[in-house]
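# Chain and residue survey
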Amino acid sequence: MVAQGTAVVSLGSDTGGSVRQPASFCGVVGITPTYGRVSRYGLTAFASSLDHIGPFARSVKDAAILLGAIAGHDAHDATSAAAPVPDYAAQLDGNVKGLKLGLPREYMKDLTGESHDLLRKAVQTLGYLGCEVREISLPATDSAIAAYYIVATAEASSNLARYDGVRYTTRAAADTLAGMYRQTRGEGFGAECKRRIMLGTYVLSHGYYDAYYLKAQKVRALIARDFARAFEQVDAIVAPVSPFPAF
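Residues numbered from 1 in each chain as written. Predicted model: local features only at pLDDT ≥ 70, side-chain atom pairs only at ≥ 80, totals over all residues. Heavy atoms only, no water.

## Notes on the sheet that holds strand β3 (residues 52–57)
Just so we agree on the cut-off: For two strands to be treated as a pair, DSSP must find no fewer than two bridges joining them. Secondary structure elements follow DSSP: runs of H or I of four or more residues count as helices, runs of E of two or more count as strands, with numbering from the N terminus.
Pairing is antiparallel in the open sheet, where three strands are placed in the order β1-β3-β2. Either end of the sheet is taken by a strand with one partner, and the two such strands are β1 (9–14) and β2 (29–30). The pairing of β1 with β3 spans six bridges and is classified as antiparallel. Bridge pairing in β3 places Asp14 opposite His52.

Here it is in structure tokens:
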């Protein structure tokens with residue numbers, strides 16, 4: 001709706017790219033804020049350590065104004081940060097001269113022709129505006145998707161267990177308690193949701209927790225370390241949202 005102009009701005013929930021990717025594919029601005037910057041109160045939790053709320057807009061200024069409106073501490077969300085909210089829109093003076101930008105080599109290797117060309121043109125433009133662009137490395141990148149699928153599905157399995165017809169959601173008719181659980185979840189969850197719950201339950205089960213979930217958490221720590229080290233060298237990282245154009 002934002003892309004076609006029937007809405008000025010909108011909000012989305014992003015766990016593994018669901019604000020960033022559609023924004024990129026539709027040619028609008030999307031922001032996935034730092035974890036804790038925006039309250040998630042009211043959001044149905046999928047993966048609690050990965051879920052974010054972020055704005056969609058047709059311009060950077062509109063996105064900045066909306067982010068400023070929704071950011072800040074919320075007593076209903078213990079994970080929301082109490083850090084002060086700056087005036088994001090006021091900082092959009094267009095001056096990027098002197099910024100050090102990192103271009104991760106791991107993100108560039110699988111780009112298709114069109115995506116590669118567009119990113120290179122953007123980097124050239126930033127260079128003309130006075131940015132210093134340097135190549136950086138994020139070596140744990142290749143493990144990111146595998147770690148994401150384990151962490152996200154494990155947390156989904158835990159979060160969605162509450163939707164059993166007793167505590168949350170509508171209740172399916174059945175003769176027994178176990179039957180009611182089965183019927184409620186069978187009717188309420190779609191095929192993809194069920195697959196994710198089953199995978200998450202498996203990686204959290206006895207005998208597999210250390211082999212999968214704990215290992216994925218360690219990999220996530222390595223990925224975070226890569227970014228922390230990168231930001232010791234650069235002010236921002238330039239990267240494609242997707243290695244290929246919109247479907």
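Right, picking up where we left off after that structure.
## Some details on the sheet that holds strand β6 (residues 236–237)
Spatially, β5-β4-β6 is the arrangement adopted by the three strands of the open sheet, whose pairing is parallel. Sheet topology places β5 (132–136) and β6 at the edges, where each strand pairs with a single neighbour.

## Focus on the pattern of salt bridges
Pairing between side chains of opposite charge can happen when the charged atoms of each approach one another. Using the following cut-off: The salt bridge criterion pairs a side-chain nitrogen of Lys or Arg with a carboxyl oxygen of Asp or Glu, the two atoms within 4 Å. We call a residue buried when its accessible area falls under 20% of the maximum for its residue type, exposed when it is over 50%, and partly exposed in between, using a 1.4 Å probe and counting protein chains only.
Applying the stated criterion across every chain yields a total of eight salt bridges. Arg40 is paired through a salt bridge with Asp77; the nearest N and O atoms lie 4.0 Å apart. Of the two residues, Arg40 sits in the loop between β2 and β3 while Asp77 sits in the loop between α2 (60–70) and β4 (100–104), which places them 37 residues apart along the sequence. As far as burial versus exposure is concerned, Arg40 and Asp77 are alike and both buried. The shortest N-O distance in the salt bridge between Arg134 and Glu132 comes to 2.6 Å. Of the residues examined, Glu132 reaches a relative accessible area of 38% and is grouped as partly exposed. Among the charged side chains, a salt-bridge network with shared partners connects Glu192, Arg195 and Arg196.

## Notes on α2
It helps to recall that an α-helix has 3.6 residues per turn; residues three or four apart then point in one direction. Filter applied, for reference: By construction, the arc corresponds to the directions joining the helix axis to the C-beta atoms. What makes two residues a contact is simply this: any of their non-hydrogen atoms within 4.5 Å.
All of the buried residues along α2 are Ala63, Ala64, Leu66 and Leu67. What you see down the axis of α2 is that its buried residues fit within an arc of 165 degrees, all on one side. Structural note: α2 exposes Lys61 and Ala69 on the side pointing more than 90 degrees away from its buried face. Looking at the buried side of α2, the elements it contacts are β1, β2 and β3. After α2 finishes, the residue Gly72 shows a positive phi value of roughly 120 degrees.

## Points about the packing of aromatic side chains
Convention followed: Two rings from Phe, Tyr or Trp (for Trp, the six-membered ring) form a pair when their centres are within 6.5 Å of each other. A pair whose planes differ by under 30 degrees is stacked, one over 60 is edge-to-face, and the rest are tilted.
Taken as a whole, this structure holds nine aromatic pairs when the rule is applied. Aromatic pair Tyr148 and Tyr149: ring centres 5.3 Å apart, planes at 70 degrees, arrangement edge-to-face. By relative accessible area, which is 24% here, Tyr148 ends up partly exposed. Judged by centre distance (5.9 Å) and plane angle (50 degrees), the ring pair of Tyr202 and Tyr212 falls under tilted. With Tyr202 in helix α7 (residues 191–204) and Tyr212 in helix α8 (residues 209–230), this residue pair connects regions lying 10 residues apart in the sequence.

## Quick notes on the confidence of the model for the protein
Fine structural detail should not be taken from predicted coordinates in areas where pLDDT scores are low. Operational definition: Across the chain, each position has a pLDDT score giving the predictor's confidence in that residue, from 0 to 100.
On average, residues of the protein carry a pLDDT of 94, and 100% of them reach 70 or more. By mean pLDDT, helix α6 (residues 177–188) is the weakest element of the protein at 90, and β3 is the strongest at 98.

## So, the environment of Met180
With respect to the secondary-structure elements, Met180 resides in helix α6. Sequence spacing of Met180 and Asp14 is 166 residues, and the spatial spacing of their C-alpha atoms is 32 Å. With sequence-adjacent residues up to four places away left out, Met180 is seen in contact with Asp164, Gly165, Val166, Arg171, Ala172 and Ala174.

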